[in-house]
Amino acid sequence: MSTTALPPVAPEVLAEAVGHLTARLRKKLDAAVAECAGRAEPGPDGAVRVRFGEDTLVTLRPGPSGTVTDPGEAVCTCLLAPRCLHRAAVLGAAPLADAAAAEASEEAPVASPAADGESPAQSGPGAPGHTAASRPEGSAPAGAPETAPPTPARAAAASALWHAAAEALSAGVTAGGTVVQAELLRAAHTARLAGLPRAEAAALRVVRGLRNAREQGRGQGLPDLTAAFRELLAGAAGPGTTGPARRAYEQGGSLRVYGLCREPVLSATGYGGVTTHLLTPEGALHTLSDVRPGGLSRARGAGTASVALGGAVLDHAGLARGGLLIAGATVSSDGRLGAGRGVRATPLRGAAWSEEPVAALFARPVREAVASALDAAELPGEAGPALLGCDVEVLGAAEDHLLARVLGGGPVLRLRVAHPHPELPHTANLRRIGEHPGLVLRVLGHPDPDRAATLRPLAVGPVPDAPNSLRLPEEWRGHADLGYDRLQGDHFPRTAPGVPALAPAAPDPLADAPLWRVRRLLETGVAGGRRAVAEASRGTDRASLTVPLRRAGLPGAADLVEALTAEADRRPRDTFGRLTDPSPDAYARAWLASALHLHAAERSLVTASWS
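Throughout this document, residue positions are counted from 1 along each chain, in the order its sequence is written. In keeping with the predicted nature of the model, local features appear solely for residues at pLDDT of at least 70, side-chain atom pairs appear and are counted solely at 80 or more, and the whole-chain, interface and lining totals rest on all residues. With hydrogens and water excluded, all non-hydrogen atoms of the structure serve as input to the side-chain values.

K.L.:
Before we move on, could you go through the pairing of strand 2 (residues 48-52) and cite the residues and values that matter?
P.N.:
Buried, partly exposed and exposed residues are distinguished by accessible area as a fraction of the type maximum, computed with a 1.4 Å probe on protein chains only: under 20%, between the cut-offs, and over 50%, respectively. Secondary structure elements are defined from DSSP: runs of H or I of at least 4 residues count as helices, runs of E of at least 2 residues count as strands, and each element is numbered from the N terminus. By the alternation rule, side chains of strand 2 split into Val48, Val50 and Phe52, which are all buried, and Arg49 and Arg51, of which none is buried. A pair of strands is treated as paired once DSSP finds two or more bridges between them. Across three bridges, strand 1 (residues 40-42) lies against strand 2 in antiparallel orientation. Looking across to strand 2, one finds that Ala40 is bridged to Val50. As consecutive antiparallel partners, strand 1 and strand 2 are separated by five residues, and within that stretch Asp45 has a phi angle of approximately 60°, a positive value. Pairing between strand 2 and strand 3 (residues 56-60): five bridges, direction antiparallel. Note on strand 3: the bridge partner recorded for Arg51 is Leu57. Hairpin geometry of strand 2 and strand 3 is characterised by an intervening segment of three residues between the two adjacent antiparallel strands and by a positive phi of about 70° at Gly53.

K.L.:
Hey, could you go over the nonpolar core for me, with residue numbers and the actual values?
P.N.:
Membership of the largest hydrophobic core comes to 88 residues, with the highest contact counts inside it found for Leu184, Phe229 and Trp591. The element that contributes the greatest number of residues to this core is helix 5 (residues 152-175), accounting for nine residues. When checking whether two residues touch, look at their non-hydrogen atoms; a contact exists if any pair is within 4.5 Å. Dropping the residues within four chain positions of it, Phe229 is found in contact with Ala165, Ala168, Leu169, Val206, Leu210, Val526 and Trp591. Formed by 32 residues, the second largest nonpolar core is a distinct cluster that contains Val366, Leu388, Leu413 and Ala480. The definition of a nonpolar core used throughout is a set of buried Ala, Val, Leu, Ile, Met, Phe, Trp, Tyr and Cys residues joined through side-chain atoms within 4.5 Å.

K.L.:
Pulling in residues and values, what's your account of the pairing of strand 10 (residues 323-332)?
P.N.:
Of all the 10 residues making up strand 10, seven are buried; the element is thus mostly covered by neighbouring parts of the structure. Looking at chain direction, strand 10 and strand 12 (residues 344-348) are connected through five bridges and run antiparallel. Bridge assignment links Ile326 to a residue of strand 12, and that residue is Ala345. Pairing between strand 10 and strand 11 (residues 337-338): two bridges, direction antiparallel.

What is shown is where atoms sit, not what they do.
Put into structure tokens, the structure is as follows:
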């Protein structure tokens, strides 16, 4: 079997190829895509060839960026080319390129650490975005992120995206083959041309989720795909909610920042790198990212790579423990620093975690801090929850996480691995910390928005004046980056601290609430489509869905579930058995209403669990 990988293909190229197929060929497309597995072989001048029989050969010749961005870069030798099944099948089997691939000369693509509906532990499933460190200098009005005005072109693009998403949701993973995906890609490209790249990115996440679920099984990745559908439909429901037309970088003048920690970044699409988190004297959080193609090796090496910002001589390891004075700084609405031609940076002495302004991160009440972090994650342009700092006492290991109590009478938290890849030291470091119950730590990480009282630590440090805390090397300057530094035995107290009683974690409100029934119904619809929702709610099954919700005091959720199941089962037909209303719009609206209600209810319960 060939191990040659097909090059990434721009979404619009695949959409055009599928659009040229006849109805008869479209029915054969998914089977033809499956036949392409293992057939790719290298050709001359970096081309990749896929052979169909003795006389038919499809050749992909990617451009300088390594991506097929032009229809002429995919050719077939059969008589029907370029409107042939072979060419469309090979393009359908190739991975999807990112939205920035066609603009590689302007800004390099990266993967956001918590983008794309993936939890921080997964770094994505999703689509790479744009690296702030390579974005050319630009200006934009100050204030909130630029929101695309509802021009006729944007309204039409959002409407087309809504209809394509509704059709894909109604079909589900089982029927969401290459043809359905191509319609989504066509609508996504229209959204991009209309100046709605956030809407395009949401559609690409849905397409990637459909592909992964079909390849790995319907039950795989359903939570992420459900979240992607929710975001796509919510954005396409109104042209004014599709987000900023482009991440706007505005002049920030002179900016002083102090390093907090480094975070490795991995993407399912093969990107890797590092994000360094920074803090201003006023307490504003910023990030500087260096993420490029290269996967794990790139993520591991980028932690000590030079900082590409205004000629600064620091690397990311030095910046995470130092500081910068930036002249002519460019800052995006979500705090990412840009590297324009006018930017100049001078290294500064860093601020220890026990010094201001960093110490203020750990002095804020946990409930207040996590509410602000989760609220920030809902704003347009945010990649994920903001950083949360707190002082904790380690209670011990429990299953796949650690239990820790916030000092000063705070809640019991679950500390979970931020990045579970075995080649990254996160898991080993957390396991070693769990071997020292009673240890007192200062922890900085991302609160998990989908789990009760859960923190995914990125870095740890000693609590000032605490005898049973970490003893880190002087060159680490008071904290260890769990994704790059490795904790050793001599970093822990020589005398074992008093072992606290391993108190169980606080009750999980998400697990105790019957909202899981709504989540399961929504995921059933994503997996099996509209028909699966209708089948799951017939007879006694409908009562088993709504009665527990009403008993638990959730009548709103019960009403929305009833509306969703009723709409899923509504298929009016005329006397000849033909559908009189084949549009999936009403079903998509009912599904979206339940999904938004569930998301808000779960977010409220997660916030309450930090009390």
